[in-house]
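# Coordinate analysis (summary)
Chain by chain, the residues run as shown.
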Amino acid sequence: MSFRYCTKCVMPNTKPDLSFDEEGVCDACRSAEMKGTIDWEARETEFRELVSRFKNKSGGNYDCVIPISGGKDSHYQAYMARKYGLNPLMVNFEATLRNELGRKNLENIRQFGDLLEFKKNPEIYKKMCLYAFKQVGDHEWPNHIGIFTFSVRVAVQFRIPLVLWGENSQLEYGGPKAARMKNVLDRRWLEEFGGLLGLRVEDMIGVEGITKEDLVSYFYPSDKELEEAGLFGAFLGYYFKWDARQQVQLMQKYGFSVKEDGPVEGTYTNYENLDDAIVAVHDYLKFVKFGFGRATDHACLDVRNGRITRDEAVKLVTEYDGKWPKVAISEFLEFFNMTPEEFDTIVDSFTDKMLFEVNSDGSLQRAPDHSLVKKYGDYSLEAQR
Ligand SMILES: [Zn+2]
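Remember, it's a predicted structure, so these values are computed and weren't measured experimentally.

What counts and how
Residues numbered from 1 in each chain as written. Predicted model: local features only at pLDDT ≥ 70, side-chain atom pairs only at ≥ 80, totals over all residues. Helix = DSSP H or I, 4+ residues; strand = E, 2+ residues; numbered from the N terminus. Rg over C-alpha atoms; globule rule 2.2 N^0.38 Å. Buried ≥ 20, exposed ≤ 12 C-beta atoms within 10 Å, placed from the backbone. Contact = placed C-beta atoms within 7 Å. Domains from an automatic or database assignment. Nonpolar A, V, L, I, M, F, W, Y, C, P; charged D, E, K, R; others polar. Core = buried A, V, L, I, M, F, W, Y, C linked by C-beta atoms within 7 Å. Axes fitted to C-alpha atoms, helices over the stretch in contact; angles between N-to-C directions. Parallel < 35°, antiparallel > 145°, perpendicular 65-115°, else oblique. Pairing = 2+ DSSP bridges.

## So, the overall build of the protein chain
- Counting secondary structure elements, the protein chain contains 17 helices and five strands.
- The C-alpha atoms of the protein chain give a radius of gyration of 21 Å, which matches the 21 Å a tight globule of 385 residues would have.
- Counting across all 385 residues of the protein chain, residues that qualify as buried make up 41%.
- In the protein chain, once contacts between residues fewer than 6 apart in sequence are set aside, the share between residues at least 24 apart is 71%.

## Quick notes on the domain arrangement of the protein chain
- Its domain assignment divides the protein chain into domain 1 (40-239) and domain 2 (264-384).
- Of the residues lining the interface, 21 residues belong to domain 1; the matching set on domain 2 comes to 18 residues.
- Broken down by secondary-structure element, the contributors of at least two residues to the side of domain 1 that touches domain 2 are helix 4 (100-108) and helix 5 (122-136).
- The leading source of residues in the side of domain 1 that touches domain 2 is helix 5, at four residues.
- Partitioned by chemical class, the residues of the side of domain 1 that touches domain 2 number six nonpolar, nine polar and six charged.

## Comments concerning the nonpolar core
- Among the nonpolar cores identified, the biggest contains 89 residues, and Cys 9, Val 10, Met 11, Cys 64, Ile 66, Val 163 and Leu 164 are the most heavily contacted of them.
- Of the residues forming this core, the biggest block, nine residues, is contributed by helix 6 (residues 141-157).
- Shared between two domains, this core holds at least three residues of each, these being domain 1 (40-239) and domain 2 (264-384).
- Leaving out residues up to four positions away in the same chain, Val 163 has contacts with Cys 64, Val 65, Pro 67, Ser 151, Val 152, Ala 155, Leu 231 and Gly 233.

## Here's the deal with helix 14 (residues 294-304)
- Within helix 14, eleven of the eleven residues are buried, which leaves the element mostly enclosed by the surrounding structure.
- Among the residues of helix 14, Arg 294, Ala 295, Thr 296, Asp 297, His 298, Ala 299, Cys 300, Leu 301, Asp 302, Val 303 and Arg 304 are the ones counted as buried.
- The first or second residue beyond helix 14 is Gly 306, which carries a positive phi of 75 degrees.

## As for the packing of helix 3 (residues 72-83) against helix 12 (residues 244-252)
- Look at helix 3 against helix 12: their axes get within 9 Å of each other, and the N-to-C directions meet at 70 degrees. Judged by the angle between their axes, helix 3 and helix 12 are roughly perpendicular. The residues of helix 12 that touch helix 3, namely those facing Lys 72, His 75, Tyr 76 and Tyr 79, are Ala 244, Gln 247, Val 248 and Met 251.
- Taken together, the residues of the contact of helix 3 with helix 12 break down into five nonpolar, two polar and one charged.

## Observations regarding the pairing of strand 1 (residues 64-68)
- Counting buried positions over the five residues of strand 1 gives five, a clear majority of the element.
- Here strand 1 shows no split at all, with Cys 64, Ile 66 and Ile 68 on one side and Val 65 and Pro 67 on the other all buried.
- Across five bridges, the pairing between strand 1 and strand 2 (residues 88-93) is parallel. The residue bridging Val 65 from the neighbouring strand is Leu 89, located in strand 2.

As structure tokens, then:
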């Protein structure tokens, strides 16, 4: 496979599950075009039907579970649930290293309803983070699992059959057609697209003395339990046209705070991934594996939503994408008690050397700020032919 960028946005074909058509356009861009042809009024009617189907008529229980981080999407999900008459139980799985802004936004969201917070056993969780960091190059792995499974467990145990998720990430960011059309999130979706990277919860048993009992909240409920609870996981992004920037503006009117002192490390925006001090390390690992980072995701969305041109996206990505996230890394090293050398060795082992310049001795070339040097820096349309 030769390396190339989408001719409409700036996404490379190294992104897992992303396909390109004969015009060199990625399927996320085609999805965005398709979103313009969807009858959103009909979808809204479908949502009203969903609401009346799941509304607890007796008022004796919550109407839906909303898994939340406290960020912009969480605010929007909770707001929409309320707007359409649902009484939500919001469920939060604690961020890896929650910062002050994350705490503030999590408090703010309680205007929309009750919040159930899961506070993890920090020692067990840290062991899982480190193991996943070394095994699959993603320290946030237990967090992805926790967000998905704990909310579903709560839904099952509280007998609240509707779980209201946010965007359908395959529709927003690209993925197989069947997944893009999907309006439900179930176990299969989680296993395929939930970012589990082939690592299973069972694999954690025995790691640094972790027992099965330590992992109760990380196991997804059984099919029998799900069926008995009549569980239905819906993507709000199926029913309403998703536009992050518009939603951020609206949610700011409800007290949602963005990062005021500049963009989030690794990108040029200030409205996403605000709650965790080391999440930029997770984005950086994606960059070394696939050659694109969070700035590329954001630039592609802005192109697809008609806010910037492809040329402007190229400029933004060149300036911000994949830069060595020094603030997050220093927090990361302190939190996990790791040396910079250890960190580099592990990250380098996940770095795709086809995508970055290497020295004659095989080591990775680095810019003065320790950033890697991309091999495929030419985004021009000519270079994609
Ligand atoms: Zn594209």
